[in-house]
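Letter by letter, the chains look like this.
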Amino acid sequence: MHISAKADYATRALLELAREPDRPLTCEAIASSQQIPFRFLKSVVGELRKAGLVRSQRGCEGGYWLGRPAEQITLLDVAHAVDGELITLRGEPLTGLDYPGPASGLPGVWRRIEADAAALLRGISLTSLLPDTAGGS
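One structure accompanies this document, and this report is about it. (Residues numbered from 1 in each chain as written. Predicted model: local features only at pLDDT ≥ 70, side-chain atom pairs only at ≥ 80, totals over all residues. Heavy atoms only, no water.)

**Overview of the overall build of the protein chain**
- In terms of regular secondary structure, the protein chain is built from 6 helices and 4 strands.
- For the protein chain, the α and β elements follow one another from N to C terminus as α-α-α-β-β-α-β-β-α-α.
- Summarising its shape, the C-alpha atoms of the protein chain cover approximately 60 × 35 × 25 Å along the three principal directions.
- The proportion of buried residues among the 137 residues of the protein chain is 34%.
- Considering only contacts within the protein chain whose residues lie at least 6 apart along the sequence, 58% involve residues at least 24 apart.
- Only carbon and sulfur atoms are counted for the fraction: they give 53% of the accessible area of the protein chain, which is about 8,500 Å².
- Of the charged side chains in the protein chain, 15 are positive and 16 negative; the average position of the first set lies 5 Å away from that of the second. (Helix = DSSP H or I, 4+ residues; strand = E, 2+ residues; numbered from the N terminus. Buried < 20%, exposed > 50% of the residue type's maximum accessible area, 1.4 Å probe, protein only. Contact = heavy atoms within 4.5 Å. Areas by Shrake-Rupley, 256 points an atom, 1.4 Å probe, with all protein chains shown as cover. Lys, Arg positive; Asp, Glu negative; His and termini not counted. Charge placed at Lys NZ, Arg CZ, Asp CG, Glu CD.)

**Details of the pairing of strand β1 (residues 54–57)**
- Note: β1 against strand β2 (residues 63–66), 4 bridges, orientation antiparallel. Bridging from a neighbouring strand, Ser-56 pairs with Tyr-64 of β2.
- Where β1 folds back on β2, the antiparallel hairpin that results is connected by 5 residues, among which Gly-59 adopts a positive phi of roughly 105 degrees. (Pairing = 2+ DSSP bridges.)

**Brief notes about a positive patch on the surface**
- Together, Lys-42, Arg-49, Lys-50 and Arg-58 make up a positively charged patch on the protein surface.
- Considering the arrangement of structural elements, one finds Arg-49 in helix α3 (residues 38–50). (Patch = residues over 30% accessible without salt bridge, like charges linked within 9 Å, V, L, I, M, F, W, Y side chains within 5 Å. Salt bridge = Lys/Arg side-chain N within 4 Å of Asp/Glu carboxyl O.)

**Examining the nonpolar core**
- Grouped together as the largest cluster of nonpolar side chains are 26 residues, with contacts concentrated most on Leu-14, Leu-17, Leu-48 and Leu-66.
- Residue assignment for this core shows that the elements contributing at least two residues are α1 (5–19), α2 (27–34), α3, β2 and α4 (75–83).
- The biggest single contributor to this core is α1, with 7 residues.
- In this structure, Leu-48 is in contact with Ala-10, Leu-14, Leu-53, Val-54, Ala-81 and Val-82, ignoring residues within four places of it in sequence.
- Ranked by size, the runner-up nonpolar core spans 11 residues in total, among them Leu-76, Ile-87, Leu-94 and Leu-121. (Core = buried A, V, L, I, M, F, W, Y, C linked by side-chain atoms within 4.5 Å.)

Just geometry here; none of it tells us what the structure is for.
Below, the structure is given as structure tokens:
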């Protein structure tokens with residue numbers, strides 16, 4: 001399975017926003033903190049905004065905030081927002097995949113891998129990834 005740079009950068013940016021949800025952050029601040037190329041991050045944040053995972057405000061007090069609470073944003077949401085389909089075969093979704101003869105069972109395996117990956121990612125929220133800042137164990 002391939003995890004795209006877009007999905008990685010998007011998740012890291014969202015975690016920066018989730019760390020202090022009441023304070024807007026600029027793309028420059030996120031890029032600097034996470035060591036992400038600014039120009040690439042700018043386009044990724046645009047995709048997150050279109051998907052409703054972040055909201056923005058222009059102006060001197062502007063920046064980016066989470067589009068909904070961190071506990072309601074999963075890694076599956078992020079992957080779909082920036083990559084579309086979770087798993088593709090040669091760039092095509094697995095839904096209509098069909099092979100003849102002895103390979104006829106293979107598309108079902110690919111679809112099961114996709115379903116299992118989706119279930120795992122659906123169960124991981126941004127909140128669950130944040131370090132414990134309360135000092136507990």
